[in-house]
Amino acid sequence: MNQGVFISFEGSEGCGKSTQISLLSERLRTLGREVDVLREPGGTALGECIRHLLQFAPEGLGMCPESELLLFTASRAQLVRERIRPALERGAVVICDRFLDSTTVYQGVARRLAPDTVAFINDFAVGGCLPDVTFLLDLDLAEARRRMAARNNPEAPPDRMEQEPDAFYEAVRAGYLRLAQACPSRVRRLDASRPEREIESEILEILSGQIHGIFPPPAFGEARIS
Ligand SMILES: Nc1ncnc2c1ncn2[C@@H]1O[C@H](COP(=O)(O)OP(=O)(O)OP(=O)(O)O)[C@@H](O)[C@H]1O
Ligand SMILES: [Mg+2]
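Residues numbered from 1 in each chain as written. Chains lettered and ligands numbered in written order. Predicted model: local features only at pLDDT ≥ 70, side-chain atom pairs only at ≥ 80, totals over all residues. Heavy atoms only, no water.

1. Quick word on the overall build of the protein chain
Moving on, step 1. The number of helices and strands found in the protein chain is nine helices and five strands.
Moving on, step 2. Walking the protein chain from its N terminus toward its C terminus, one meets helices and strands in the order β-α-β-α-α-β-α-α-β-α-α-β-α-α.
Moving on, step 3. Against the 2.2 N^0.38 benchmark of 17 Å for 226 residues, the protein chain shows a C-alpha radius of gyration of 18 Å, consistent with a compact globule.
Moving on, step 4. C-alpha extents for the protein chain along the principal axes are approximately 65 × 35 × 35 Å.
Moving on, step 5. For the protein chain, with 226 residues in total, the buried portion stands at 46%.
Moving on, step 6. Looking at the protein chain alone, contacts between residues at least 24 apart form 81% of all its contacts between residues at least 6 apart.
Moving on, step 7. Summed over its atoms, the accessible surface of the protein chain is roughly 11,700 Å², and 55% of this surface lies on carbon and sulfur atoms.
Moving on, step 8. Charge-centre separation for the protein chain: the mean point of 27 positive side chains lies 2 Å from the mean point of 33 negative side chains. (Helix = DSSP H or I, 4+ residues; strand = E, 2+ residues; numbered from the N terminus. Rg over C-alpha atoms; globule rule 2.2 N^0.38 Å. Buried < 20%, exposed > 50% of the residue type's maximum accessible area, 1.4 Å probe, protein only. Contact = heavy atoms within 4.5 Å. Areas by Shrake-Rupley, 256 points an atom, 1.4 Å probe, with all protein chains shown as cover. Lys, Arg positive; Asp, Glu negative; His and termini not counted. Charge placed at Lys NZ, Arg CZ, Asp CG, Glu CD.)

Shown next, in the form of structure tokens:
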């Protein structure tokens, strides 16, 4: 039986996470793997309510960084127990659009909450459930903003995070790069300025080298040469 695999994608807004998640999940499904794509905050009924509070609800305006930290981690605690662990136990591949590294970087580095406190709360929330591999899509801010301007509906209001100034996003990028240096075997930095298919190839290469058995072996007939 296949073993469950947990993959997360990280990086600033507009760096290409959704694009790569969709390419990877299609590829894995074509190969016959069960794939569960989850997003943060959200992915459960409780988590989607928290997502609304964090992103658009008027009640969330003026939220203090401490509340923000606890809301993100509350959503994640629920996601781990309701969706991620059961999926991994079934042998599925779980692909998470953001996970605990977002909290380390956004609340710990960019919002400047005490790193030890953030790490403690992060650990408590995930209860030891960590990704096998995390892809950090690293992109400079100007290009990320260009991509978002091309993608987003100009009529749609930006969410609470998207209204942050450039200095916030520079801190996010620097925080992610430090994290990749601190956890080199789990967090793999990818140059996200390249074409989508090039990034996808590197992801597939890393996964086949690092996660034994993630790609099922070819069926007997395909392996024959005559
Ligand atoms: N490698 C790439 N080269 C050029 N454009 C890209 C690339 N990858 C994604 N894009 C485009 O950039 C935009 C942002 O990509 P995407 O939505 O995947 O980013 P994201 O990281 O999921 O953003 P968010 O954090 O806001 O969800 C989209 O319009 C997408 O088509
Ligand atoms: Mg996205």
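After that view, the rundown keeps rolling.
2. Regarding the nonpolar core
Moving on, step 1. Residues I7, F9, L24, I95, F135, I203 and L207 are the most contacted members of the largest nonpolar core, which totals 24 residues.
Moving on, step 2. Mapped by element, the contributors of at least two residues to this core are β1 (5-10), α1 (17-30), β3 (93-97), β4 (133-138) and α8 (196-210).
Moving on, step 3. Take this core: its biggest share by element is five residues, from α8.
Moving on, step 4. Apart from residues lying up to four places away in sequence, F135 is in contact with I7, S8, F9, E10, R188, L190, I203, I206 and L207.
Moving on, step 5. Of all hydrophobic cores here, the second largest spans 17 residues; its members include I50, L54, M63 and L179. (Core = buried A, V, L, I, M, F, W, Y, C linked by side-chain atoms within 4.5 Å.)

3. Quick notes on the packing of aromatic side chains
Moving on, step 1. Across all of its chains, the model carries five aromatic pairs by this definition.
Moving on, step 2. Ring centres 5.0 Å apart and planes at 80° place the aromatic pair F6 and F99 in the edge-to-face group. Taken together, the residues F6 in strand β1 and F99 in the loop between β3 and α4 (100-110) connect sequence positions 93 residues apart.
Moving on, step 3. Owing to a relative accessible area of 1%, F6 belongs among the buried residues under this scheme.
Moving on, step 4. Relative to Y169, the ring of F168 has its centre 5.3 Å away and its plane inclined at 80°; by these criteria the two rings are edge-to-face.
Moving on, step 5. Here Y169 falls in the buried class, since its relative accessible area comes to 5%.
Moving on, step 6. Each member of the aromatic cluster is reached from another via a ring pair, and the members are Y106, F168, Y169 and Y176. (Phe/Tyr/Trp six-rings, centres within 6.5 Å; stacked < 30°, edge-to-face > 60°.)

4. A word on the sheet that holds β1
Moving on, step 1. If you walk across this open sheet you meet the five strands as β2-β3-β1-β4-β5, and the pairing is parallel. Every interior strand has two partners, whereas the edge strands, β2 (35-39) and β5 (187-191), have only one. For this sheet, the mean inter-axis angle between neighbouring strands, taken without regard to orientation, is 20°.
Moving on, step 2. Pairing of β1 with β4, which is carried by four bridges, proceeds in the parallel orientation. Looking across to β4, one finds that I7 is bridged to V133.
Moving on, step 3. Where α1 meets the sheet, its contacts fall on β1, β2, β3 and β4, and the angle it forms with β3 comes to roughly 170°.
Moving on, step 4. Packing against the sheet, helix α7 (residues 166-182) makes contact with β1, β4 and β5, and its axis sits at approximately 140° to β4. (Pairing = 2+ DSSP bridges. Axes fitted to C-alpha atoms, helices over the stretch in contact; angles between N-to-C directions.)

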